[in-house]
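The primary structure of each chain is shown beneath.
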Amino acid sequence: MSDVNDKPSVWFHTFGCKANQYDTERIRQELELRGAETALHADAADIAVINTCTVTNQADANARRLVRRLRRQRPDLRIVVAGCSTSFREAEYHALEEVDGVVPGHDPSAVARLVPELEDSGAAGPVTAGASDASSAPLQRNARGTRAWLKIQDGCDRKCSFCATRIARGASISRAVDDVVAEAATLARVHPELVLTGIHIGHYGKDLAAGSAGTSPGLATLCERLLEEVPARLRLSSIEATEIDDRLVDLLAASDGRLAPHLHVPMQSGSDRVLRLMRRWHTREAYRARVLAIAERLGAIGSGAFGLGADIIVGFPGEGEEEFEETRTLVEELPYTYLHVFPYSVRDGTVAASLPDRVPGDVAAARSRTLREIGLRKGQAYLETRAGTIADIVVEGRDDRVAGVTGDYLRVELLGDATPGDRFSARLRACDGRLTAVVPASAPAAAAV
Ligand code: SF4
């Protein structure tokens, strides 16, 4: 803990997605600009800021459990909670006696106001998620890692029946192209890779004013500007397959790896009946056809490197054996290189929470295992196709625990001295089911991450 005269030290903990992690970095930056120090451990902190997630009931429970544990261990710690769960359940957090401050949402200035011993630096205006980000100073660095998250929009206009994130974060709001580019240029000074993230990045720009061409700038326009003006490798985070237009695919194909050849395209289910219950806007065939067209285009370029991932929910209410089989066969057909499989988890307050025909937990668990095994098998098969080819590798990790991440999102064991922030090209080799690469003697100096 800091001395009486010192500025307060703050420990940050983030639950949930990349967008939430980005929001924590904005809060951290705001508090540091006002004089706070970041504590590496809760034991050494005066204040804990917990950025919560509300994707499932379990996510809410995890945040409450952490609050209680911290209070038990450190009765004198000031605990501030923020984030999606606090937006959704603000009154419940106010009622928690262990909590000292509640910020519904992610406004760094609102968090700072709960720490009166910090100076009012005026460094940033009110920053809630989305458009008002544009009025604040660009994020200078991402303290949590080598690859930096860059939030380009917040919120979502879709209404998937299982999703509480949309309810917590509201409608889609995009940051202005110039603001994103300015922040990306700043982050690229210290980060070799920037991950374009948000809650629904496929809708980027739809809410922005039309430019001289008479149309709003879309994700492809933003990526073009970033590729022109920012030297880092860029990566798209999760994006809906049906919202990836041809212009974006062309950019992916023509950027020579600058826009990483990797897409994560949520499937959720391969059954039209379940997709309707999920209130998804696309059919099985619309998803299938788009993914196949993109994969065909991207897999046919350069080394053929193309990482493809998907989120899938199994055991959604109403998913019988027939519906699951439709999902399984679609998973088998599409050229995934990895899968994220989630057994359905109830989220109070969503439409799906009141759907009948719940799937027993053991059935959902067995379906999860089936899909995960397929995902692992496909990943292994893809990995073998990459052995012997050249990859663009970014080194991430800390100290002696470093690893390489390729453009197509493979983890590579590094042979030789590498420092987080290094980026180099090397030939991949297969070894006992994993990929390795020799670090070249002339690997560029690490950026200061
Ligand atoms: S697309 Fe659906 S799952 Fe994704 S954020 Fe929007 S409502 Fe939630």
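As the structure is a computational prediction, the values presented were derived from the model and not from experiment.

Attention now moves to the sheet that holds strand β13 (residues 338-343). Pairing in this open sheet of three strands is parallel, and the strands run β11-β12-β13 from one edge to the other. Sheet topology places β11 (262-264) and β13 at the edges, where each strand pairs with a single neighbour. The average undirected angle you get between the axes of adjacent strands in this sheet is 10 degrees. Pairing of β11 with strand β12 (residues 307-314) involves three bridges; the strand directions are parallel. Across the sheet, the residue bridging to Leu263 is Leu308, located in β12. Strands β12 and β13 of the sheet are contacted by helix α13 (residues 361-386), whose axis makes an angle of about 175 degrees with β13.

Let's shift gears to the confidence of the model for the chain. For the chain, per-residue confidence averages 90 on the pLDDT scale, and residues scoring 70 or more make up 91% of the total. The low-confidence segment residues 122-135 (pLDDT under 50) makes 38 contacts with residues lying over four places distant or belonging to another chain.

Once that is clear, we can look at the site of the ligand. Taken together, Cys156, Arg158, Lys159, Cys160, Cys163, Thr165, Arg166, Ile199 and His200 form the complete shell of residues around the ligand. Looking at the shell around the ligand residue by residue, the class counts come to four nonpolar, two polar and three charged.

This paragraph deals with the nonpolar core. If you look at the biggest cluster of nonpolar residues, it comprises 102 residues, and the most contacted ones within it are Val49, Val81, Val111, Leu150 and Leu194. Looking at which element gives the most residues to this core, the answer is β12, with five residues. Of the domains in this structure, domain 1 (9-113) and domain 2 (131-386) are the two that each give at least three residues to this core. Discounting residues that sit within four places of it in the chain, Val111 has contacts with Ile27, Leu31, Val49, Val80, Ala82 and Val103.

Before going further, it helps to spend a moment on the sheet that holds strand β3 (residues 47-52). Sheet architecture is open: five strands sit in the order β2-β1-β3-β4-β5, paired in parallel fashion. Of all strands in the sheet, those with a lone pairing partner are β2 (37-38) and β5 (101-104), marking the two edges. Pairing between strand β4 (residues 78-83) and β5: three bridges, direction parallel. Within the sheet, the bridge partner assigned to Val80 lies in β5 and is Gly101.

Quick look at unusual backbone geometry now. Its identity as a non-glycine residue notwithstanding, Asp357 has a phi of 60 degrees, on the positive side. If you trace the backbone, Asp357 turns up in the loop between β13 and α13. Positioned with a positive phi, Tyr409 is a non-glycine residue whose angle comes to about 70 degrees. Mapped onto the elements, Tyr409 comes out in the loop between β15 (401-406) and β16 (411-415). With 19 C-beta atoms packed within 10 Å, Tyr409 lands in the partly exposed category.

Partitioning the chain into domains gives domain 1 (9-113), domain 2 (131-386) and domain 3 (390-438). For domain 2 versus domain 3, the distance between C-alpha centres works out to 24 Å. Counting residues at the interface gives 18 residues for domain 2, matched by 16 residues for domain 3. In terms of residue count, the dominant contributor to the side of domain 2 that touches domain 3 is α13 (four residues).

Conventions adopted
- Residues numbered from 1 in each chain as written.
- Predicted model: local features only at pLDDT ≥ 70, side-chain atom pairs only at ≥ 80, totals over all residues.
- Pairing = 2+ DSSP bridges.
- Helix = DSSP H or I, 4+ residues; strand = E, 2+ residues; numbered from the N terminus.
- Axes fitted to C-alpha atoms, helices over the stretch in contact; angles between N-to-C directions.
- Contact = placed C-beta atoms within 7 Å.
- pLDDT = per-residue confidence, 0-100.
- Near = placed C-beta within 6 Å.
- Nonpolar A, V, L, I, M, F, W, Y, C, P; charged D, E, K, R; others polar.
- Core = buried A, V, L, I, M, F, W, Y, C linked by C-beta atoms within 7 Å.
- Buried ≥ 20, exposed ≤ 12 C-beta atoms within 10 Å, placed from the backbone.
- Domains from an automatic or database assignment.

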